Amino acid sequence: LLQDAHNSSVLNNDVLGAFLQSGHVTGLSRPVEMQFWHNTVLDSSNATCVFWQPGDGTGSTGSWSRTGCETTHREGTVICHCDHLTYFAVLLLPAGTLSPVQLASLTHISTIGCSLSAAATLCTLLLCCFSRYSCAITTCPPHSCRQGLRDNTNRIHMHLLTSLLLLNCGFLLSTLLATGTQGLCQVTAALLHTTLLCALAWMAAEAFHLLLLIIKVYNIYIQHYLLKLCLFAWGLPVLAVATIFVFKRDMYGHHSIRTSEGYSNATIDSPSGRCWLTSSPAHSATLCYAGLILLFNTLVLGRVLVILRRIRQHKGQARKDWVTVLGLTCLLGTTWGLAFFSFGIFLIPQLYLFTILNSLQG
């Protein structure tokens, strides 16, 4: 009866109900004290006093909340002080559960970082376009212009910048668009999923192009090279998401997570809700896709490190090497690999590192 939608775990399955026949009791100046005994290792980070808050409307069972309750710990005992009467229990939370303050701070960091990233990518795109236009109309040597036009490196950079710009804009707009209907939320989630897959694919394209440059250096020719990269990095993600959206649209919608302050419709990005994947298999498939790309990119980055060590000849070269490695780390998106360390004691530090580094990638 007192099981919420998140299948929350209650200490010893003990629930204590306290009531008065005179009516509903709340706002007590002297809180009621309750003690729950146990024989496990607990602390304030993974065990907290909660009360049952019935759901509003039909089909909503309710949820556990800690509003108005304070938790203290002694050896073998959890003591609850609450300012009202209802059903009480000690809720066991997973290690590393986010607090509302942490969730809010991560939201602000991601919003500021993505805003700066979007502005930077837009400016860089404009500079790239202006540079190509200037090369076409000025009196630069014809050989230099032709060589610049034949070089696909800048074009690949521009595609990556475009995908990052779309990803950041989609992320920033998703909160506003999520306030609409369920259908609008699903469309927003699908677009955000598409831009994420495309951005990761273009990071893989950068790694592949870099691999060709450092291995062959000269006489690199692949017929319709850029077109093939576009089909891989733009076409496959769009086709995959479109197929999911047509045949399994319910995989997209409002995504919620649990926090230490109850279970409202809070998400990892914003307490007010955001549209994202709601299907565990789809989420796992996205992680596998990202994992394969990041593994490939990391191997390429390692290969570059080996080559840099071989060609180091001049004094001060080490400093230049580090700058190169830092630039390639952003270019290849290897910091996205932090997503695979979101467990146990690593969860909170990983979330902050992941949010700061990747929101500022642009």
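Shown above is the structure to which this text applies.
This write-up is about the structure you can find in this document. (Residues numbered from 1 in each chain as written. Predicted model: local features only at pLDDT ≥ 70, side-chain atom pairs only at ≥ 80, totals over all residues. Heavy atoms only, no water.)

## Structural notes on the overall build of the protein chain
Assigned secondary structure in the protein chain consists of eight helices and ten strands. Across the 362 residues in the protein chain, those meeting the buried criterion constitute 40%. In the protein chain, once contacts between residues fewer than 6 apart in sequence are set aside, the share between residues at least 24 apart is 75%. Here the protein chain displays about 20,700 Å² of accessible surface, and carbon together with sulfur accounts for 65% of that area. (Helix = DSSP H or I, 4+ residues; strand = E, 2+ residues; numbered from the N terminus. Buried < 20%, exposed > 50% of the residue type's maximum accessible area, 1.4 Å probe, protein only. Contact = heavy atoms within 4.5 Å. Areas by Shrake-Rupley, 256 points an atom, 1.4 Å probe, with all protein chains shown as cover.)

## Thoughts on a nonpolar patch on the surface
A grouping of Ile 112, Leu 116, Leu 353, Ile 356, Leu 357 and Leu 360 is seen on the molecular surface, where their side chains present a nonpolar patch of about 540 Å² in accessible area. Taken together, the elements giving at least two residues each to the nonpolar patch come down to helix H1 (100-137) and helix H8 (347-359). With three residues, the top contributor of residues to the nonpolar patch is H8. Within the fold, Leu 353 resides in helix H8. For Leu 353, a relative accessible area of 46% puts it in the partly exposed group. (Patch = residues over 30% accessible without salt bridge, like charges linked within 9 Å, V, L, I, M, F, W, Y side chains within 5 Å. Salt bridge = Lys/Arg side-chain N within 4 Å of Asp/Glu carboxyl O.)

## Digging into the state of the cysteines
In the structure shown here, the tally under the stated rule is three disulfides. Here Cys 69 connects covalently by a disulfide to Cys 82, the sulfurs 2.1 Å from one another. Note on the Cys 69 and Cys 82 pair: the S-S dihedral is about 115°, so by sign convention the disulfide is right-handed. Of this pair, Cys 69 sits in strand E6 (residues 69-74) while Cys 82 sits in strand E7 (residues 77-82), placing them 13 residues apart in sequence. Here the two residues Cys 69 and Cys 82 agree in accessibility, since each one is buried. With no disulfide partner, Cys 114 has as its closest neighbouring cysteine sulfur the one in Cys 169, 9.6 Å distant. (Disulfide = S-S within 2.5 Å.)

## A short note on the packing of aromatic side chains
This model, assessed by the stated rule, comprises six aromatic pairs. Their ring planes at 75° and their centres at 5.1 Å tell us that Phe 19 and Tyr 87 sit as a pair that is edge-to-face. Of this pair, Phe 19 sits in the loop between strand E2 (16-17) and strand E3 (32-37) while Tyr 87 sits in strand E8 (residues 87-92), placing them 68 residues apart in sequence. Note on Tyr 87: relative accessible area 36%, which makes it partly exposed. (Phe/Tyr/Trp six-rings, centres within 6.5 Å; stacked < 30°, edge-to-face > 60°.)

## Topic: the sheet that holds E6
Whenever strands of a sheet pair, they do so through backbone hydrogen bonds, lying parallel or antiparallel. Taken in spatial order, the three strands line up as E3-E7-E6 in an open sheet, and their pairing is antiparallel. Either end of the sheet is taken by a strand with one partner, and the two such strands are E3 and E6. Along the sheet, successive strands turn relative to each other by an average axial angle of 20°, direction set aside. Note that E6 and E7 share six bridges and pair antiparallel. Residue pairing in the sheet places Glu 70 in a bridge with His 81 of E7. (Pairing = 2+ DSSP bridges. Axes fitted to C-alpha atoms, helices over the stretch in contact; angles between N-to-C directions.)

## Quick notes on unusual backbone geometry
The backbone phi angle of Asn 12 is positive, close to 60°, even though this residue is not glycine. Residue class for Asn 12 comes out partly exposed when judged on its relative accessible area of 40%.

## Regarding the nonpolar core
Within the largest apolar cluster, 37 residues are counted, with the highest numbers of intra-cluster contacts made by Leu 200, Trp 202, Met 203, Tyr 252 and Trp 336. Among the elements of the structure, helix H3 (153-177), helix H4 (182-215), helix H5 (225-247), strand E10 (274-277) and helix H6 (280-311) are those that each provide at least two residues to this core. The biggest single contributor to this core is H4, with 14 residues. Setting aside chain neighbours within four positions, we find Trp 336 in contact with Leu 167, Leu 196, Leu 200, Met 203, Leu 294, Phe 354, Asn 358 and Gln 361. Counting residues in each nonpolar core, the second largest holds 16 residues, with Val 25, Met 34, Phe 51 and Leu 85 among its members. (Core = buried A, V, L, I, M, F, W, Y, C linked by side-chain atoms within 4.5 Å.)

## Quick look at the packing of H4 against H6
Packing of H4 against H6 brings their axes to within 10 Å, and their N-to-C directions diverge by 25°. In terms of axis orientation, H4 runs roughly parallel to H6. Like other packed secondary-structure pairs, H4 and H6 cross with a definite hand, here left-handed. On H6, the residues that touch His 193, Leu 196, Leu 197, Leu 200, Ala 201, Met 203, Ala 204, Ala 207, Phe 208, Leu 210, Leu 211 and Ile 214 of H4 are Thr 286, Tyr 289, Ala 290, Ile 293, Phe 296, Asn 297, Val 300, Arg 303, Val 304 and Ile 307. Looking at side-chain class alone, the contact of H4 with H6 contains 18 nonpolar, three polar and one charged residues. (Parallel < 35°, antiparallel > 145°, perpendicular 65-115°, else oblique. Left-handed = near helix turned anticlockwise from the far one by under 90°. Nonpolar A, V, L, I, M, F, W, Y, C, P; charged D, E, K, R; others polar.)

## Thoughts on the environment of Gly 23
Here Gly 23 lies in the loop between E2 and E3. Classification of Gly 23 by relative accessible area gives partly exposed; the value is 35%. For the pair Gly 23 and Leu 85, spaced 62 residues apart in sequence, the C-alpha to C-alpha distance is 10.0 Å.

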